[in-house]
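The primary structure of each chain is shown beneath.
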Amino acid sequence: MTAQHLQDTTTLYNGVNMPWFGLGVFKVEEGPELVNAVRTAIQHGYRSVDTAAIYGNEEGVGQGIREGLEAAGIKREDLFVTSKVWNADLGYESTMKAYEESLRKLGLEYLDLYLIHWPVEGKYIEAWKALETLYKEGRVKAIGVSNFQIHHLERLMKETEIKPMVNQVEYHPRLTQKELQSYCQANGIQLEAWSPLMQGQLLDQEELRNIADKHHKSIAQIILRWDMQNGVVTIPKSTKEHRIAENAAIFDFELSVEEMQRIDSLNQDHRVGPDPDNFDF
Ligand SMILES: NC(=O)c1ccc[n+]([C@@H]2O[C@H](COP(=O)([O-])OP(=O)(O)OC[C@H]3O[C@@H](n4cnc5c(N)ncnc54)[C@H](OP(=O)(O)O)[C@@H]3O)[C@@H](O)[C@H]2O)c1
């Protein structure tokens, strides 16, 4: 069922509840802007934050979380925190160490979700085994992957024990990922959208403008609502308080089936980020 409230969750196949909506912090550097964004989002009712070791901002995210929890009067358990192991650290021991380092920087005792950031050939299986150990030891609530195509998921599931709970991929109206979404759905893997707003590049698109005007909403809100109605977890990034609030104000209207199809038809299989089958980092 489509999320009805900002704090509604999807239940991952292992029983863990993950908010459908969260804050992304890619390209936000350490400093007050970052700390304020995370705190502000939590104050506005966000219950999920997505970071990564490579963003180089886990300390500020941790500070924002502490301030946000206090300001909102909620506990650590009420929040869902995701980080990701970077490519250079993929390997059994190195991934175990990277997890400790992320926890240390964030100032947390556990993560809700730890992801393999990119499917580096020859490395992600060993790294996954480290995530399995962390999960079995109860050090992390859920484990998953990012930027995995169907063939990466197939190999992972064939060669390892625990199926990923989440796959976080680039997903927006220009890249609707239908085949991958069906595959993940059939396998009980929750799809999560990164760059849901196509990094701001879709916000003057005419078709979306028409739909937005009809609902008296912004284009960003239309896209994020489309994520919700498609059953895709989403984590738009903004450091501006008014946009942090705007992006989350998507639970008071509904897109019709016809509008959903019109948005789907904008697909061009177009990426703004790297191609998971052809990257060199
Ligand atoms: N796993 C991966 O490989 C991967 C890759 C990329 C991203 N991610 C995650 O996904 C998150 C989101 O993706 P993203 O940051 O690449 O891009 P995004 O969320 O699609 O777009 C962010 C951009 O849109 C602007 N924006 C946000 N809300 C807006 C609004 N309501 N109206 C107008 N402009 C708005 C932001 O500017 P302001 O800040 O100025 O508002 C920013 O420039 C990241 O932060 C990160 O956590 C993961």
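Let us look at the structure shown here. Position numbers for residues count from 1 along each chain, tracking the sequence in the order it is written. Residues qualify for local features only when their pLDDT is at least 70, as the model is predicted, and side-chain atom pairs are given and counted only at 80 or more; totals for whole chains, interfaces and linings, by contrast, use all residues. Heavy atoms throughout the structure, all of them, feed into the side-chain values; hydrogens and water do not.

**Overview of unusual backbone geometry**
And then number 1: Phi at Lys 27 takes a positive value of approximately 70°, unusual for a residue other than glycine.
And then number 2: With respect to the helices and strands, Lys 27 occurs in the loop between β3 (23–24) and α1 (32–43).
And then number 3: Lys 27 sits in the exposed class, given a relative accessible area of 63%.
And then number 4: Of note in this structure, His 216 is not a glycine but carries a positive phi near 55°.
And then number 5: Where helices and strands are cited, they refer to DSSP runs of H or I of at least four residues and of E of at least two residues respectively, numbered from the N terminus. By the element assignment, His 216 lies in the loop between α7 (206–215) and α8 (219–229). Exposed residues in this analysis have more than 50% of their type's maximum accessible area, buried residues have under 20%, and partly exposed residues fall in between, with area computed by a 1.4 Å probe over protein chains only.

**Regarding the sheet that holds strand β8 (residues 166–170)**
And then number 1: The eight strands lie next to each other as β3-β4-β5-β6-β7-β8-β9-β10, forming an open sheet whose pairing is parallel. Each edge of the open sheet carries a strand with a single partner, namely β3 and β10 (233–234).
And then number 2: For two strands to count as paired, DSSP must find a minimum of two bridges between them. Sheet topology note: the strand β6 (residues 111–116)/strand β7 (residues 140–146) ladder contains five bridges and is parallel. Bridge assignment links Tyr 114 to a residue of β7, and that residue is Ile 143.

**Quick notes on a positive patch on the surface**
And then number 1: Patch membership needs two things, relative accessible area over 30% and no salt bridge, and members are linked within 9 Å if like-charged or within 5 Å if nonpolar (Val, Leu, Ile, Met, Phe, Trp, Tyr). Accessibility throughout is a Shrake-Rupley quantity obtained with a 1.4 Å probe, and a residue counts as covered only by protein chains that appear here. Each salt bridge in this description consists of a side-chain nitrogen of Lys or Arg and a carboxyl oxygen of Asp or Glu lying within 4 Å of one another. Charge counting treats Lys and Arg as positive and Asp and Glu as negative, with His and both chain ends excluded. To locate a charge, the coordinates of NZ of Lys, CZ of Arg, CG of Asp or CD of Glu are taken. On the surface, Lys 27, Lys 237, Lys 240 and Arg 243 cluster together into a patch of positive charge.
And then number 2: Inspection of the secondary structure assignment puts Arg 243 in helix α9 (residues 241–248).
And then number 3: Under the relative-accessibility criterion, Arg 243 is labelled partly exposed at 42%.

**Structural notes on the packing of aromatic side chains**
And then number 1: For this analysis, a ring pair means two rings from Phe, Tyr or Trp (six-membered ring only for Trp) whose centres lie within 6.5 Å, classed as stacked if their planes differ by under 30 degrees, edge-to-face if by over 60, and tilted for the remaining angles. Scanning the model with the defined rule gives eleven aromatic pairs in all.
And then number 2: Both rings, one in Trp 118 and one in Trp 194, keep their centres 6.5 Å apart while their planes meet at 65°; by these two values the pair is edge-to-face. With Trp 118 in the loop between β6 and α4 (124–136) and Trp 194 in strand β9 (residues 190–194), this residue pair connects regions lying 76 residues apart in the sequence. You'll find Trp 118 and Trp 194 in the same group, each marked buried.
And then number 3: Taking the centre distance of 5.2 Å and the plane angle of 85° together, the rings of Trp 118 and Phe 281 count as edge-to-face. Note that Trp 118 is positioned in the loop between β6 and α4 and Phe 281 in the segment after α10 (257–264), a separation of 163 residues in sequence.
And then number 4: On the basis of relative accessibility, which here comes to 5%, the residue Trp 118 falls in the buried class.
And then number 5: For Phe 281, a relative accessible area of 38% gives the class partly exposed.
And then number 6: Members of the aromatic cluster, connected to one another through ring pairs, are Trp 86, Trp 118, Trp 194, Phe 279 and Phe 281.
And then number 7: One residue, Arg 155, lies across the ring of Tyr 124, its end atom 5.5 Å from the ring centre. The criterion for a charge sitting over a ring is simple: Lys NZ or Arg CZ within 6 Å of the ring centre, and within 35 degrees of the ring normal.

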